[in-house]
Amino acid sequence: MELEKLYSNRFESDTWKKRNALWKILCDEFFSKYLKPSDDILDLAAGYCDFINNICRDNHMGRRIAVDLNPDVREHSAPFVEVHNTMAQNLSFLDDNSIDAVFVSNFFEHVRDKDDIIAILNECLRVLRVNGKIMILQPNIKYLPGQYWDFFDHYTPLTEKSMCEALSISSVRGGGYSIITVIDKFLPYTTKSRLPQYDWMIKLYCHCPLAWRILGKQMFMIAEKRT
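As the structure is a computational prediction, the values presented were derived from the model and not from experiment.

Remarks on the environment of Ile120
You can see Ile120 is positioned in helix H4 (residues 114-127). The exposure class of Ile120 is buried, given its relative accessible area of 1%. Linking Ile120 and Met87, residues 33 residues apart in sequence, is a C-alpha distance of 9.0 Å. If we skip the residues at most four places from it in the chain, Ile120 touches Leu44, Ala88, Gln89, Phe107, Phe108 and Val111.

As structure tokens, then:
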């Protein structure tokens, strides 16, 4: 599939500034509470680097790494972000136990085979340090039975329970994941759906679980690497 053509058709040119502004708020108000600026962070299937460009930015940042097959990712990454065009299940450029956190957003629905999902989770496990985190933001088909299939490149349907099962059976050299956070409804399905557009409303949404229950269509979970 031609990723550059698919995504350039899907997103209008003025969408990127709006997405970046949205993700800056999401990173500052929500995702950053799980991470430290000094952490070495990998954004897997980084897309247009909305997360990795904005997470925990200060003068003492650890490594910021974006992985994506789409070569266009280099045009959108911040200067401090390392970009690698490679398969998600082959992070051979990284040593074992070298990363503090892996962030995966809206990716596993694009993976054709569940065995490949396990291979990706195992590779993330390999590069994570002990007690390192994998953070997954993912459309939950439980709340999107029809809309989930509106995108041509969606293949694998997942709920928070099936994602937890995948994490629980992943292992590398005897190590595995411990699931520590599961939110079955967090963000709306897309940036074009019902998420408030004003900055103050987005900030409020990040701190209002009741609003998640009403508008949320995506799950969010965190698992830690254990020995």
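Points about the packing of aromatic side chains
Under the counting rule described, the total for this entry stands at 16 aromatic pairs. Summarising the aromatic geometry, the rings of Phe31 and Phe220 are spaced 5.5 Å apart at their centres and angled 65° between planes, so their arrangement reads as edge-to-face. Of the two residues, Phe31 is situated in the loop between helix H2 (15-29) and strand E1 (41-44) and Phe220 in strand E8 (residues 218-226); the sequence distance between them amounts to 189 residues. For the pair shown, Phe31 and Phe220 are each scored as buried. Taking 5.8 Å as the distance between ring centres and 45° as the angle between the ring planes, the aromatic pair formed by Tyr34 and Phe220 counts as tilted. Here Tyr34 is found in the loop between H2 and E1, whereas its partner Phe220 is found in strand E8, with 186 residues between them in sequence.

What about a nonpolar patch on the surface?
Side chains of Tyr198, Trp200 and Leu204 sit close together on the surface and give an oily, nonpolar patch of about 420 Å² of accessible area. As for its placement among the helices and strands, Tyr198 is situated in the loop between strand E7 (175-183) and helix H6 (199-206).

Quick look at H6
Three or four residues apart is the spacing at which side chains of an α-helix point the same way, because the helix has 3.6 residues per turn. Among the residues making up H6, those that are buried are Ile202, Tyr205 and Cys206. Considered in projection along H6, the buried side chains sweep an arc of 100° and stay on one side of the axis. In H6, those exposed residues whose orientation departs by more than 90 degrees from the buried face are Trp200 and Leu204.

Some remarks on the sheet that holds E1
Taken in spatial order, the eight strands of this open sheet run E3-E2-E1-E4-E5-E8-E7-E6, and their pairing is mixed. Whereas interior strands pair on both sides, the edge strands pair on one side only; in this sheet they are strand E3 (81-84) and strand E6 (171-172). Those strands touched by H4 are E1, strand E4 (99-105), strand E5 (128-139), E6, E7 and E8, and its axis lies near 145° from that of E5. Its contacts with the sheet put helix H5 (residues 160-169) on E5, E6, E7 and E8, and the angle it makes with E8 is roughly 15°.

Describing the state of the cysteines
Structurally, a disulfide amounts to a covalent bond that connects the sulfur atoms of two cysteines. What the rule picks out here adds up to zero disulfides. Left unpaired, Cys49 is separated from the closest cysteine sulfur, that of Cys27, by 12 Å. In this model Cys206 remains outside any disulfide bridge; the closest cysteine sulfur is found in Cys27, 9.6 Å from its own.

Some points on the packing of H4 against H5
Two quantities define a packed helix pair, namely the angle between the axes and the distance from one axis to the other. Running from N to C, H4 and H5 point in directions that differ by 55°, and their axes come no closer than 9 Å. In terms of their interaxial angle, H4 and H5 are classed as oblique. As for the relative orientation of H4 and H5, their crossing is right-handed in sense. Along the contact surface, H4 presents Ile117, Ile118 and Leu121, while H5 presents Met163, Ala166, Leu167 and Ile169. For the contact of H4 with H5, the class distribution of residues is seven nonpolar, no polar and no charged.

Topic: the pattern of salt bridges
Inspection of every chain in the model, using the stated rule, returns 11 salt bridges. A salt bridge links Arg213 to Asp184; the nearest nitrogen and oxygen atoms lie 2.6 Å apart. Pair noted here: Arg213 is in helix H7 (residues 209-215) and Asp184 is in the loop between E7 and H6, with a separation of 29 residues, a long-range link. Overall, Arg213 belongs to the partly exposed group, its relative accessible area being 42%. Residue Asp184 is classed as buried on the basis of its relative accessible area, which comes to 16%. Shared partners join several salt bridges into a network, and the residues in it are Asp96, Glu123, Arg126 and Arg173.

Topic: the nonpolar core
Membership of the largest hydrophobic core comes to 36 residues, with the highest contact counts inside it found for Phe30, Phe31, Leu35, Phe51, Ile55, Phe186 and Phe220. Setting aside residues no more than four positions away along its own chain, Phe30 makes contact with Ile25, Ile183, Phe186, Cys206, Trp212 and Phe220. Ranked by size, the runner-up nonpolar core spans 32 residues in total, among them Leu42, Val104, Met163 and Leu167.

Reading guide: rules and limits
Residues numbered from 1 in each chain as written. Predicted model: local features only at pLDDT ≥ 70, side-chain atom pairs only at ≥ 80, totals over all residues. Heavy atoms only, no water. Helix = DSSP H or I, 4+ residues; strand = E, 2+ residues; numbered from the N terminus. Buried < 20%, exposed > 50% of the residue type's maximum accessible area, 1.4 Å probe, protein only. Contact = heavy atoms within 4.5 Å. Phe/Tyr/Trp six-rings, centres within 6.5 Å; stacked < 30°, edge-to-face > 60°. Patch = residues over 30% accessible without salt bridge, like charges linked within 9 Å, V, L, I, M, F, W, Y side chains within 5 Å. Areas by Shrake-Rupley, 256 points an atom, 1.4 Å probe, with all protein chains shown as cover. Salt bridge = Lys/Arg side-chain N within 4 Å of Asp/Glu carboxyl O. Arc of directions from axis to C-beta. Pairing = 2+ DSSP bridges. Axes fitted to C-alpha atoms, helices over the stretch in contact; angles between N-to-C directions. Disulfide = S-S within 2.5 Å. Parallel < 35°, antiparallel > 145°, perpendicular 65-115°, else oblique. Left-handed = near helix turned anticlockwise from the far one by under 90°. Nonpolar A, V, L, I, M, F, W, Y, C, P; charged D, E, K, R; others polar. Core = buried A, V, L, I, M, F, W, Y, C linked by side-chain atoms within 4.5 Å.

Coordinates in, geometry out; function isn't part of it.
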